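Survey of secondary and tertiary structure
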Amino acid sequence: MPSFDIVSKTELAEVDNAVQGVVREIATRFDFKGSKCTVERKDELITINADDDLKLTQVQDLLKVYITRRKLDANCLEFKEEQKATGNSRRQEVVVKQGLDQKLAKQIVKDIKDSKLKVQVSIQGDELRVTGKKRDDLQDAIAIVKGLKIEQPLQFTNFRD
């Protein structure tokens, strides 16, 4: 029976390359001369330290630009609330989204079921498996999921006939 998986994975090596590009640009740009702006990544968490609000927004924009240059979707970044750090400086954490959370998975399952397609959708950890008798039904399911307003990059993998 044909099937495919719906997953949300972000390649962390490409995120590393984007972070290193941001660090290089901060080191060479004139408006960042003498500032103590840093960008670091540990696992799926990027920490931005900036001198003030203006520099923080500039670093955020740089991060988005470098992520898209590395052919990743900028929606994979979830910017948390900015915090005050020592003195006048700002700190912000950015989470790199990996996998589908339960709420989003249930919403996708509900939307596919509401479309009355002859497919079965099952939640398997942080991914979804869609199975059906016809390849056309699976392609219709992909079209439905692509049409949803989801703020997370999705990939359709493991297509089996």
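Residues numbered from 1 in each chain as written. Predicted model: local features only at pLDDT ≥ 70, side-chain atom pairs only at ≥ 80, totals over all residues. Heavy atoms only, no water.

**A closer look at the overall build of the chain**
What counts here: Working definition: helices are DSSP H or I runs of at least four residues, strands are E runs of at least two. Numbering for both runs from the N terminus. Exposure classes here rest on a 1.4 Å probe applied to the protein chains alone. A residue is buried below 20% of its type maximum, exposed above 50%, and partly exposed in between. Contacts are assigned to residue pairs with any non-hydrogen atoms lying within 4.5 Å of each other. For the area figures, the Shrake-Rupley method with a 1.4 Å probe applies, and any residue is considered shielded solely by the protein chains shown. Positive: Lys, Arg. Negative: Asp, Glu. His and the chain ends are not part of the count. Charge positions are represented by NZ for Lys, CZ for Arg, CG for Asp and CD for Glu.
Assigned secondary structure in the chain consists of four helices and nine strands. When the helices and strands of the chain are placed in sequence order, the string is β-α-β-β-α-β-β-β-α-β-β-α-β. Along the longest, intermediate and shortest principal axes, the C-alpha atoms of the chain span 65 × 25 × 25 Å. Within the span of the chain, comprising 161 residues, buried residues form 40% of the whole. Sequence separation of 24 or more characterises 61% of the internal contacts of the chain that already satisfy a separation of 6 or more. Of the accessible surface of the chain, which amounts to about 9,700 Å², a share of 47% is contributed by carbon and sulfur atoms. Here the chain contributes 30 positive and 28 negative side-chain charges, whose respective centroids are spaced 2 Å apart.

**Quick look at unusual backbone geometry**
Positive phi, normally seen in glycine, also occurs at Asp43, with a value near 55°. Its place among the elements puts Asp43 in the loop between strand 2 (38-42) and strand 3 (45-50). Of the residues examined, Asp43 reaches a relative accessible area of 64% and is grouped as exposed. The phi angle at Lys71 is positive, at roughly 65°, despite the residue not being glycine. Of note, Lys71 is situated in the loop between helix 2 (53-69) and strand 4 (77-79).

**Examining helix 4 (residues 135-147)**
Put simply, the rule is: Multiplying one less than the number of residues by 1.5 Å gives the expected span of a helix.
In a regular helix each residue adds 1.5 Å, so 13 residues correspond to 18 Å; helix 4 covers 19 Å between its end C-alpha atoms and thus fits that length. Close packing links the buried residues of helix 4 with strand 1 (3-7), helix 3 (102-114), strand 7 (119-124), strand 8 (127-132) and strand 9 (155-160).

**Examining the nonpolar core**
Defined as follows: Side-chain atoms within 4.5 Å are what join buried Ala, Val, Leu, Ile, Met, Phe, Trp, Tyr and Cys residues into a set we call a nonpolar core.
With 22 residues, the main nonpolar core has Val22, Ile26, Ile46, Leu63, Ile67 and Leu77 as its most contacted residues. Mapped by element, the contributors of at least two residues to this core are helix 1 (12-28), strand 3, helix 2 and strand 6 (90-96). Broken down by element, this core gets its largest block of residues, six residues, from helix 2. Discounting chain neighbours no more than four positions away, the residues touching Ile67 are Val15, Ala18, Leu72, Asp73, Ala74, Cys76 and Leu77. Core analysis: the second largest hydrophobic core is formed by 18 residues, Phe4, Ala105, Leu128 and Ile150 among them.

**Considerations on helix 1**
Here is the rule we go by: Directions from the helix axis toward the C-beta atoms define the arc.
End to end, helix 1 covers 24 Å across 17 residues, agreeing with the expected 24 Å (1.5 Å per residue, within 8%). Taken residue by residue, helix 1 has Glu14, Val15, Ala18, Val19, Gly21, Val22 and Ile26 as its buried positions. Seen along its axis, helix 1 keeps its buried residues to an arc of 155°; they face one direction. In helix 1, the exposed positions angled more than 90 degrees off the buried face are occupied by Arg24, Ala27 and Thr28. Of the surrounding secondary structure, the elements contacted by the buried residues of helix 1 are strand 2, strand 3, helix 2 and strand 6.

**A look at the pattern of salt bridges**
The following threshold applies: Salt bridges are defined as contacts in which a side-chain nitrogen from Lys or Arg sits within 4 Å of a carboxyl oxygen from Asp or Glu.
One pass over the structure, following the stated rule, counts nine salt bridges. We note a salt bridge from Arg70 to Glu14, for which the minimum N-O separation is 2.8 Å. Of this pair, Arg70 sits in the loop between helix 2 and strand 4 while Glu14 sits in helix 1; the two residues are 56 residues apart in sequence, bridging distant segments of the chain. A residue is classified by how much of its surface remains accessible, and Arg70, at 35% relative accessible area, is partly exposed. A salt bridge links Glu78 to Lys80, with the nearest nitrogen and oxygen atoms 3.1 Å apart. Looking at Glu78, the relative accessible area reads 32%, which means it is partly exposed. A single salt-bridge network, built from bridges that share partners, covers Glu25, Arg29 and Asp31.

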